[in-house]
Amino acid sequence: MAYTIDYYSEAVQDDILALPDSLAARYIVLTRRIEAVGPNLGPPHTDSFGDGLFELRLKGQEGIARVFFCTLAGRRVMMLHSFVKKTQKTPPRETEIARKRMKEVKHANS
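The rules behind these values
Residues numbered from 1 in each chain as written. Predicted model: local features only at pLDDT ≥ 70, side-chain atom pairs only at ≥ 80, totals over all residues. Heavy atoms only, no water. Pairing = 2+ DSSP bridges. Helix = DSSP H or I, 4+ residues; strand = E, 2+ residues; numbered from the N terminus. Axes fitted to C-alpha atoms, helices over the stretch in contact; angles between N-to-C directions. Contact = heavy atoms within 4.5 Å. Buried < 20%, exposed > 50% of the residue type's maximum accessible area, 1.4 Å probe, protein only. Core = buried A, V, L, I, M, F, W, Y, C linked by side-chain atoms within 4.5 Å.

### Considering the sheet that holds strand 1 (residues 4-7)
Strand pairing in a sheet relies on backbone hydrogen bonds. The paired strands run either parallel or antiparallel. Pairing is mixed in the open sheet, where five strands are placed in the order 1-5-4-3-2. Strand pairing shows two members of the sheet lacking a second neighbour, strand 1 and strand 2 (46-50), which therefore form its edges. On average, each strand axis in the sheet is tilted by 35° relative to the strand beside it, whichever way the strands run. Of the strand pairs in this sheet, strand 2 and strand 3 (residues 53-60) are connected by four bridges, and their pairing is antiparallel. In the strand pairing of strand 3, T46 is matched with L56. Set on the sheet, helix 2 (residues 21-37) makes contact with strand 1, strand 3, strand 4 (63-72) and strand 5 (76-85); between it and strand 3 the angle comes to about 135°. Lying on the sheet, helix 3 (residues 92-108) is in contact with strand 2, strand 3, strand 4 and strand 5; it crosses strand 5 at an angle near 165°.

### Quick notes on unusual backbone geometry
With an omega of 5°, the peptide bond between P43 and P44 qualifies as cis. Tracing the backbone shows P44 in the loop between helix 2 and strand 2. You will see that D51, though not glycine, has its phi angle at about 60°, which is positive. Mapped onto the elements of the fold, D51 is located in the loop between strand 2 and strand 3. On the basis of relative accessible area, D51 is assigned to the exposed category, the value being 70%. Not every positive phi belongs to a glycine, and R75 is a case in point at roughly 55°.

### A word on the nonpolar core
Judged by nonpolar contacts, the single largest core of 18 residues is most densely connected at Y27, L56, L58 and M79. Of all the elements in the fold, those that place two or more residues in this core are helix 1 (10-17), helix 2, strand 3, strand 4 and strand 5. When neighbours within four sequence positions are excluded, L58 is seen to be in contact with L19, L23, R26, Y27, L30, G63, I64, A65, R66 and V67. Core analysis: the second largest hydrophobic core is formed by 10 residues, L53, C70, M78 and L80 among them.

Here is the structure:
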């Protein structure tokens, strides 16, 4: 059975699709793989931030981006937040946004 990908909001989907071309193309390739085999693609494509929060790691000619996501019952993957990395470490603010949205989504789907 295939996985489905949902978005926290239309704005999140628009932000992801507005990424620079090589990053958006990488996102499409990786999400097709997630739909086929599930969200655990392993390094270097995905990484865990703990407590059910994961990141999709995008690298392209224009730089590096991250898309935070979580999984829900029924083979659903929820894309929560995206940003283009400008520093080596993930800024805490970006992680906080994703964690807050994950709590909202998990609460609404429980």
